[in-house]
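Examining the three-dimensional arrangement
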Amino acid sequence: MALIQKEANGWDGLDHTVILLSNPTYYMSNDIPYVFHQNTNFLYLCGFQEPDSILVLQSIPGKALPSHKSILFVPRRDPNRELWDGPRSGTDGAIALTGVDEAYTIEEFRHLVAKLKGESNIVWYDLAKPVHTELHSDYLQPLAEIKARNKNHIQRIQHLVQNLRLIKSPAEIERMKIAGRVTAEAFTETMFASKSPVDEAFLYAKFEFECRARGADILAYPPVVAGGNRSNTLHYVKNNQLIKDGELVLLDGGCESACYVSDITRTWPVNGRFTKPQADLYQAVLDIQKSCLSLCSPGISLENVYSLMLSLIGQKLKDLGVLNSSITESHFFKAVRKYCPHHVGHYLGMDVHDTPDISRSLPLQPGMVITIEPGIYIPEDDMSAPERFRGIGVRIEDDVLITEGAPLILSADCPKEIYDIEQICGRKS
């Protein structure tokens, strides 16, 4: 509410109401639900892990912002539904679990909506992309239409929540350290289990098992487990092909632990030994990544690091003979982006691509967590590249906490030096 106090400059004397919706339950097919995953903005502000709920933060008449009260509207207890879906918290449980000031059944939300129609009430709610279409159409869309007719338009709230989420608290950082450590250990065990040939599906299953066996709740996203030339497809998630002897596997995976996620990528030879071209390309990416990591400090932005990454990739590609050393400056960056078409990184937190509305031009601050993930991808049909590199894709990604001093690598336990990877892959069980 302190951020609303800043945004509401000039709206003195008006009441402010923030509304956030939970996610609904999504269904795979008739009566078969997907595992429930909460809307992270809603979760961040109240910690309530049940669907079909509404969080309201409301200014208190006669008191200045940021003073406010918090209210949850939740599904009523229903013994018949709870027999199938498990227990619901109900209103008493919602207060006990979250510490909100008040809780009511979801049906009672209509009484609050009626009070918000007046011109003295400013409503903060994200109309553009409602996360719960049924609650939106039942309650918020009609309210928005009334407010629009009165020229009292509903204000966006997502960017304010994202600004809060951008800087992690000490408790959040501890959770992200756990997610990074769990994922790093899972990578090590997956490398150890590699053999040639090996199914991508086996490595996928091994990685997920090792994450969950260490306490992870779920995987943070469908992982990329891409063998050989498939590593040049950036979002390859079929993970159903055979990785042959002599090929690399690129695994981009992470876990979610206590609502916070990791996002790590490693590339390694399934037979335990890099070929000379594989090692040359891999070492080039590793050198670039280390240079990018060293730049991660307060005042530098992700865009600054991205510019460095492109320049370094271009120089390495020249050194490897992939780019012509006489390439003109006007064609240089276009050529580089052909071999690395993605950004150097993104923000990380409760979501993998966390706080997506925050510009990557924003100077980094202590408490931010980002990824650094340079890559070089040379498709097997790229006749302009030296034959020895064709069909090789390499990405190396770490999770990075920005501090007042040197960056803290949350995924530091995950092996990435060529020697270490070959030692792990060559171990005998």
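Regarding the sheet that holds strand 15 (residues 264-269)
With antiparallel pairing, 3 strands are arranged side by side in an open sheet as 10-12-15. Edge positions in the sheet fall to strand 10 (224-227) and strand 15, since each of these pairs with one other strand and no more. With direction set aside, neighbouring strand axes in the sheet form an average angle of 10°. Here 6 bridges tie strand 12 (residues 248-253) to strand 15, and the two strands are oriented antiparallel to one another. Looking across to strand 15, one finds that leucine 251 is bridged to arginine 266.

Overview of helix 10 (residues 276-294)
In this model helix 10 runs 27 Å from its N-terminal to its C-terminal C-alpha over 19 residues, within 8% of the 27 Å that 1.5 Å per residue would give. Looking at helix 10, one finds that the buried residues are Pro277, Gln278, Ala279, Leu281, Tyr282, Ala284, Val285, Leu286, Ile288, Gln289, Cys292 and Leu293.

A look at the nonpolar core
Among the nonpolar cores identified, the biggest contains 74 residues, and Met309, Ile370 and Ile372 are the most heavily contacted of them. When residues of this core are assigned to their parent elements, the largest contribution, 9 residues, is made by helix 10. Residues within four places of isoleucine 370 in sequence aside, it is in contact with Cys296, Leu302, His346, Tyr347, Leu348, Leu364, Asp398, Asp399, Val400 and Ile402.

Examining the side chain of glutamate 397
Tracing the chain through its elements places glutamate 397 in the loop between strand 18 (392-395) and strand 19 (398-401). Arginine 395 provides the closest opposite charge to the buried, unpaired glutamate 397, separated from it by 4.7 Å. Within the structure, the side chain of glutamate 397 is placed 2.6 Å from the side chain of threonine 265, a separation counted as a polar contact. Ignoring any residue separated from it by four or fewer positions in sequence, one finds glutamate 397 in contact with Asp252, Asp263, Ile264, Thr265, Arg266, Gln289, His346, Thr371, Ile372 and Glu373.

Description of the packing of aromatic side chains
For the structure shown, the criterion picks out 7 aromatic pairs. Ring plane angle 80° and centroid distance 6.4 Å describe the contact between phenylalanine 187 and tryptophan 268, whose orientation is recorded as edge-to-face. With phenylalanine 187 in helix 8 (residues 170-192) and tryptophan 268 in strand 15, this pair connects stretches of sequence that are 81 residues apart. Neither phenylalanine 187 nor tryptophan 268 differs from the other in exposure class; each is buried. An aromatic cluster is defined as three or more aromatic residues linked by ring pairs; in this entry it consists of Phe73, Tyr104, Phe109 and Tyr139. Against the face of phenylalanine 202 rests lysine 195, its NZ or CZ located 4.0 Å from the ring centre.

Topic: the state of the cysteines
What the rule picks out here adds up to 0 disulfides. Left unpaired, cysteine 211 is separated from the closest cysteine sulfur, that of cysteine 255, by 4.8 Å. Judged by its relative accessible area of 0%, cysteine 211 falls in the buried class. Free cysteine: cysteine 414, not disulfide-bonded; nearest cysteine sulfur from cysteine 211 at 10 Å. On the basis of relative accessibility, which here comes to 3%, the residue cysteine 414 falls in the buried class.

Remarks on helix 6 (residues 133-149)
Helix geometry: helix 6 is bent most strongly at leucine 140, by close to 40°, with proline proline 142 lying one to four residues after it. For helix 6, the complete set of buried residues consists of Leu135, His136, Tyr139, Leu140, Leu143, Ala144 and Lys147. The inward-facing, buried residues of helix 6 contact strand 1 (15-21), strand 4 (54-59), helix 5 (109-115) and strand 7 (121-124). Trailing helix 6 by a residue or two, lysine 151 shows a phi angle of about 60°, which is positive.

Some points on the environment of glutamate 82
Positionally, glutamate 82 belongs in helix 3 (residues 79-85). By relative accessible area, which is 13% here, glutamate 82 ends up buried. Leave out the neighbours within four places in its chain, and glutamate 82 touches Arg77, Pro87 and Arg88. Side-chain polar atoms of glutamate 82 contact the backbone nitrogen of arginine 88, separated by 3.2 Å.

Cut-offs and rules
Residues numbered from 1 in each chain as written. Predicted model: local features only at pLDDT ≥ 70, side-chain atom pairs only at ≥ 80, totals over all residues. Heavy atoms only, no water. Pairing = 2+ DSSP bridges. Helix = DSSP H or I, 4+ residues; strand = E, 2+ residues; numbered from the N terminus. Axes fitted to C-alpha atoms, helices over the stretch in contact; angles between N-to-C directions. Expected span 1.5 Å × (residues − 1). Buried < 20%, exposed > 50% of the residue type's maximum accessible area, 1.4 Å probe, protein only. Core = buried A, V, L, I, M, F, W, Y, C linked by side-chain atoms within 4.5 Å. Contact = heavy atoms within 4.5 Å. Lys, Arg positive; Asp, Glu negative; His and termini not counted. Salt bridge = Lys/Arg side-chain N within 4 Å of Asp/Glu carboxyl O. Polar contact = N/O pair within 3.5 Å; in protein donor to acceptor, adjacent residues only side chain to side chain. Phe/Tyr/Trp six-rings, centres within 6.5 Å; stacked < 30°, edge-to-face > 60°. Lys NZ or Arg CZ within 6 Å of the ring centre and 35° of its normal. Disulfide = S-S within 2.5 Å. Bend = angle between axes of the 7 residues up to and from the residue.

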